[in-house]
Amino acid sequence: MPPQQPTPGYTPAPVPPVESGQYDFIMNYGKNHRSFGSGLPTPGSAVSRALIFGGGVLALIIIAWLFFGVLLAKKPPVDAAAWIGIVQQQSELARISQDPVRQATGEPTQNFAETTRLTLLSDQQLLLTYLQQQGIKKPSNSVLAAKKNTQTDTDLQTAQTNGVYDQTYISVATDQLAAYEQALKQAFTSSKGAHGRQLLSDAYAHAQLLAQQSKQTE
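A few points on the structure. Everything numeric in this text was worked out from a predicted model, so none of it was measured. (Residues numbered from 1 in each chain as written. Predicted model: local features only at pLDDT ≥ 70, side-chain atom pairs only at ≥ 80, totals over all residues. Heavy atoms only, no water.)

In terms of regular secondary structure, the protein chain is built from 10 helices and zero strands. Across the protein chain, helices and strands are ordered from the amino to the carboxyl terminus as α-α-α-α-α-α-α-α-α-α. A total of 218 residues make up the protein chain; the buried ones form 29% of that total. Once local pairs closer than 6 in sequence are excluded, the contacts in the protein chain between residues at least 24 apart make up 74%. Just so you have it, the protein chain exposes about 15100 Å², and 59% of that area is on carbon and sulfur atoms. (Helix = DSSP H or I, 4+ residues; strand = E, 2+ residues; numbered from the N terminus. Buried < 20%, exposed > 50% of the residue type's maximum accessible area, 1.4 Å probe, protein only. Contact = heavy atoms within 4.5 Å. Areas by Shrake-Rupley, 256 points an atom, 1.4 Å probe, with all protein chains shown as cover.)

Further remarks concern the side chain of Gln88. Looking at the secondary structure, you find Gln88 in helix H4 (residues 80-96). Polar contacts involving the side chain of Gln88 include one to the main-chain carbonyl oxygen of Val143, which spans 2.8 Å. Aside from chain neighbours lying at most four places away, what touches Gln88 is Val143, Leu144, Ala146 and Lys147. (Polar contact = N/O pair within 3.5 Å; in protein donor to acceptor, adjacent residues only side chain to side chain.)

Under the defined criterion, the tally for this structure stands at four salt bridges. The residue Arg95 makes a salt bridge to Glu92 at a minimum N-O spacing of 2.9 Å. With Arg95 and Glu92 both in helix H4 and three residues apart, this pair spans about one turn of that helix. Residue class for Glu92 comes out buried when judged on its relative accessible area of 5%. Among the salt bridges present, the one from Glu114 reaches Arg117, with a minimum N-O distance of 3.5 Å. You can see Glu114 and its partner Arg117 sitting in helix H6 (residues 107-133), three residues apart, about one turn around the helix. (Salt bridge = Lys/Arg side-chain N within 4 Å of Asp/Glu carboxyl O.)

Counted at 1.5 Å a residue, the expected span for helix H8 (residues 150-162) with its 13 residues is 18 Å, and the 19 Å between its end C-alpha atoms agrees. Listed as buried for H8 are Thr152, Leu156 and Ala159. Here the buried residues of H8 occupy an arc of 60 degrees about the axis, which is enough to place them on one side. In this structure, H8 carries Thr150, Gln157, Thr161 and Asn162 as exposed residues pointing more than 90 degrees from its buried face. Looking at the buried positions of H8, the neighbouring elements they touch are H4 and helix H9 (165-190). With a side-chain oxygen lying 2.9 Å from the backbone nitrogen of Gln151, the N-terminal cap of H8 falls on Asn149. Directly beyond the C-terminal end of H8, a positive phi value near 75 degrees is found at Gly163. (Expected span 1.5 Å × (residues − 1). Arc of directions from axis to C-beta.)

Each aromatic ring pair is summarised here by two numbers: the centre-to-centre distance and the angle between the ring planes. Taken as a whole and judged by the stated rule, the model has two aromatic pairs. Here Phe112 and Tyr169 contribute two aromatic rings whose centre-to-centre distance is 5.9 Å and whose plane-to-plane angle is 55 degrees, an arrangement assigned as tilted. In this pair, Phe112 sits in helix H6 while Tyr169 sits in helix H9, placing the two residues 57 residues apart along the sequence. Judged by relative accessible area, which is 0%, Phe112 ranks as buried. The side chain of Arg197 reaches across the aromatic face of Phe188, ending 4.0 Å from its centre. (Phe/Tyr/Trp six-rings, centres within 6.5 Å; stacked < 30°, edge-to-face > 60°. Lys NZ or Arg CZ within 6 Å of the ring centre and 35° of its normal.)

Right, let's get into the environment of Ala211. In this structure, Ala211 sits in helix H10 (residues 194-215). Separated by 38 residues in the primary sequence, Ala211 and Ala173 place their C-alpha atoms 8.8 Å from one another. Setting aside anything within four residues of it in sequence, one finds Ala211 in contact with Leu177 and Glu181.

As structure tokens, then:
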């Protein structure tokens, strides 16, 4: 096909000259833009070493904070095992004091047995309530009855047959009261809360009064 001839009278528009550097931003894009990560400190630089050191110090601070946080975590102001042992003693002494209320032959022994039973059950309820306030779960009935001694029942039955029921019950109750007082003193020493110590002190005073009352049955 023959080339077209320019139209008579047509003058082509002049092409503006390309200025030097006008499109350098395209041609030099890969040169003028750093690749991703090029602004980060190099592994051997002082900034890199400072970041690594700072991160290590921060990690040590966090580990120390967690460690001491566990050590200094708030603990209950009571020795739960000691307190559970006390309420178990209360349950057992109250249990063996139930039958003498009716079966004892002497009125002083009957009165002592009834007072012992009611006093220990009342103090036990106060101790259990305090334990629950400290976040310690209330012991089950089977746990409370863990110190049940069937040999005591046998001894009391034999004593009733032999006509020495009152004396035997008083002797058993007095021994258990002595052990109970000792447990209260030990728990008082290890307890930190003022209210808990007051409850133990009150229970100890009640136990001493019961011990004095037991002597009046002789």
